[in-house]
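# Coordinates in review
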Amino acid sequence: MAELDITAVVRSSGLPASTLRYYEERGLIASTGRNGLKRVFDEGVLERLALIAVGRAAGFTLDDIARMFGPDGRPALDREVLTAKADELDATIADLTALRDGLRHAAACPAPSHLECPTFRGILDAAATGALRAPGRQIRR
């Protein structure tokens, strides 16, 4: 297996070296040694970084992601955990879709004031009760 120095991994992954060092500190990736002052990784690190990126994009924490790798460093994905996260994403998508549709309605609503628009009032009511959160934050049901 070919070895890549940290510069090559940065170029290939698009991640800054500081993130690679942090992931190494957290045990998510491991260097195989050094070439002078530069860390060296086997080429399999790129696939591992891709798996980490998918996990982060799906909303998993780094601790969650660390548990997705077996002791040998290979992925050991729990299908039930993946299904639960997919269900969470479905709920978030539904909530954001409803919010988007409500905002589009409010933008085009012929009511004299947005506060007179029942759809916009519904959005305000949801926000007032805490049912509405910023994207990337959990939306309460």
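Criteria and thresholds
- Residues numbered from 1 in each chain as written.
- Predicted model: local features only at pLDDT ≥ 70, side-chain atom pairs only at ≥ 80, totals over all residues.
- Heavy atoms only, no water.
- Phe/Tyr/Trp six-rings, centres within 6.5 Å; stacked < 30°, edge-to-face > 60°.
- Lys NZ or Arg CZ within 6 Å of the ring centre and 35° of its normal.
- Pairing = 2+ DSSP bridges.
- Helix = DSSP H or I, 4+ residues; strand = E, 2+ residues; numbered from the N terminus.
- Axes fitted to C-alpha atoms, helices over the stretch in contact; angles between N-to-C directions.
- Salt bridge = Lys/Arg side-chain N within 4 Å of Asp/Glu carboxyl O.
- Buried < 20%, exposed > 50% of the residue type's maximum accessible area, 1.4 Å probe, protein only.
- pLDDT = per-residue confidence, 0-100.
- Contact = heavy atoms within 4.5 Å.
- Parallel < 35°, antiparallel > 145°, perpendicular 65-115°, else oblique.
- Left-handed = near helix turned anticlockwise from the far one by under 90°.
- Nonpolar A, V, L, I, M, F, W, Y, C, P; charged D, E, K, R; others polar.

Moving on, we come to the packing of aromatic side chains. If you walk through the whole model with that rule in mind, you get zero aromatic pairs. Above the plane of the ring of Phe 69 lies Arg 48, whose end atom (NZ or CZ) is 3.7 Å from the centre. Lys 85 extends its terminal NZ or CZ atom over the ring of Phe 60, reaching a point 5.0 Å from the ring centre.

Spatially, three strands are ordered S1-S3-S2 in an open sheet, and the strand pairing comes out antiparallel. Each of the sheet's edge strands pairs with one partner strand only, and the pair in question is strand S1 (3–5) and strand S2 (33–35). Across the sheet, the axes of successive neighbouring strands diverge by a mean angle of 45°, strand direction being ignored. Here S1 runs beside strand S3 (residues 38–42); their pairing, made up of three bridges, is antiparallel. From the neighbouring strand, Asp 5 faces S3, where its bridge partner is Val 40.

The next point concerns the pattern of salt bridges. The tally for this structure, following the rule as stated, stands at five salt bridges. The salt bridge involving Arg 67 is made with Asp 64; its shortest N-O contact spans 2.7 Å. A residue is classified by how much of its surface remains accessible, and Arg 67, at 58% relative accessible area, is exposed.

Chain-level pLDDT for the protein chain is 87 on average; 93% of the residues reach the 70-or-more range. Looking over the protein chain, one finds the lowest element-wise mean pLDDT in helix H6 (residues 118–128), namely 83, and the highest in helix H2 (residues 17–25), namely 95. Within the model, the stretch residues 137–141 combines pLDDT values under 50 with eleven contacts to residues more than four positions away or in other chains.

The description of two helices packed together rests on the angle between their axes and the distance between the axes. Two elements in contact, helix H1 (residues 6–13) and helix H3 (residues 44–58), have axes separated by 11 Å at closest approach and are oriented at 40°. On the basis of the axis angle, H1 is oblique to H3. Crossing angle aside, the handedness with which H1 passes H3 is right-handed. When H1 is examined against H3, the residues Val 9, Ser 12 and Ser 13 are found in contact with a partner set consisting of Val 45, Leu 46 and Leu 49. Here the contact of H1 with H3 is built from residues that sort into four nonpolar, two polar and no charged.

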